[in-house]
Amino acid sequence: MRPGGPKWQRNRRLWAQEIPAKILDWIFDPASLTARLRAVCPGRFHVAVLAQRWLRPAHGEARALGMRPGRYGLVRQVYLCCGDRTLVFARTVIPPGTLSGKERKLASLKTRPLGALLFAEPSLRRVQVSVERLVPGDALYATASRAIQNKPKVIWGRRSLFAIKRKELMVSEYFLPDIPPCKP
């Protein structure tokens, strides 16, 4: 595993020359990933839940969310699929304080896509988006690539910090080799 975990970059121009064209549009698309995947996969889109439990987030995740060291958050890991093709690995970290009031429903999504709930919320703001690449040896690479037969050398992703009524959560999405080109 790389020391300190993956490094996120906020500069689009820094990565634009390295990221494959078909993934670049997905990474920098400000709209709902769920809605876009449903558009390219009509009637076959589904969520496969790998795990959802209370864990200590990675150091960088906790820091970005303003969580004190050692605190637990609700961590959900899923694959977003089109029929039998796995398109995206997603990891969500939700601090305990975010799961109050109306947002409690975020803890009981089961196989419902998180994006459908988030983007239906009028107060939703994407506070920050950063780009990352996973390579073999990174902590999340093994989980992200578990469903891929021919493992890629690099898996590109984005990490978005969202706020709903000033309550934050983090969603990391990694675009796998079967992802089709993003259609506007």
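Remember, it's a predicted structure, so these values are computed and weren't measured experimentally. (Residues numbered from 1 in each chain as written. Predicted model: local features only at pLDDT ≥ 70, side-chain atom pairs only at ≥ 80, totals over all residues. Heavy atoms only, no water.)

1. Here's the deal with the pattern of salt bridges
Consideration 1: Scanning the entire structure with this criterion turns up seven salt bridges.
Consideration 2: Glu 18 is the partner of Arg 133 in a salt bridge, and the nearest nitrogen-oxygen pair spans 2.6 Å. A residue pair is termed long-range when its members are at least 10 positions apart, and Arg 133 in strand 4 (residues 124-134) and Glu 18 in the loop between helix 1 (12-16) and helix 2 (21-27) qualify at 115 residues.
Consideration 3: Close ionic contact of Arg 158 with Glu 173 constitutes a salt bridge, the shortest N to O distance being 2.5 Å. Highlighted residues: Arg 158 in strand 5 (residues 155-164) and Glu 173 in strand 6 (residues 167-175), separated in sequence by 15 residues.
Consideration 4: Its relative accessible area of 1% is what places Arg 158 among the buried residues.
Consideration 5: The structure contains a network of salt bridges with shared partners spanning Glu 103, Lys 165 and Lys 167. (Salt bridge = Lys/Arg side-chain N within 4 Å of Asp/Glu carboxyl O. Helix = DSSP H or I, 4+ residues; strand = E, 2+ residues; numbered from the N terminus. Buried < 20%, exposed > 50% of the residue type's maximum accessible area, 1.4 Å probe, protein only.)

2. Describing the sheet that holds strand 3 (residues 85-94)
Consideration 1: Strand order across the open sheet formed by six strands is 1-2-3-6-5-4, with antiparallel pairing between neighbours. The two strands at the open ends of the sheet, each matched to only one other strand, are strand 1 (45-55) and strand 4. Across the sheet, the mean angle from the axis of one strand to that of its neighbour is 20 degrees, orientation sign disregarded.
Consideration 2: When strand 4 meets strand 5, the two strands line up antiparallel, connected through ten bridges. (Pairing = 2+ DSSP bridges. Axes fitted to C-alpha atoms, helices over the stretch in contact; angles between N-to-C directions.)

3. Topic: the state of the cysteines
Consideration 1: If you walk through the whole model with that rule in mind, you get one disulfide.
Consideration 2: Disulfide pairing places Cys 41 opposite Cys 82 at an S-S distance of 1.9 Å. The S-S bond linking Cys 41 to Cys 82 shows a torsion near 95 degrees; that makes this disulfide right-handed. With Cys 41 in the loop between helix 3 (33-40) and strand 1 and Cys 82 in strand 2 (residues 73-82), this pair connects stretches of sequence that are 41 residues apart. Just as Cys 41 is buried, Cys 82 falls in that class too.
Consideration 3: Of all cysteine sulfurs, the one in Cys 82 lies closest to Cys 81, which takes part in no disulfide; the gap is 8.8 Å.
Consideration 4: According to the relative accessible area criterion, Cys 81 is buried, its value standing at 5%. (Disulfide = S-S within 2.5 Å.)

4. Re the pairing of strand 2
Consideration 1: Most of strand 2 sits inside the fold, with ten of its ten residues counted as buried.
Consideration 2: Burial along strand 2 is two-sided: Gly 73, Val 75, Gln 77, Tyr 79 and Cys 81 facing one way and Leu 74, Arg 76, Val 78, Leu 80 and Cys 82 facing the other are all buried.
Consideration 3: Bridging between strand 2 and strand 3 involves nine bridges; their strand directions are antiparallel. Considered in strand 3, the bridge of Gln 77 is made with Arg 91.
Consideration 4: Between strand 2 and strand 3, which pair antiparallel and follow one another directly, the connecting turn spans two residues, one of which, Gly 83, has a positive phi of 60 degrees.

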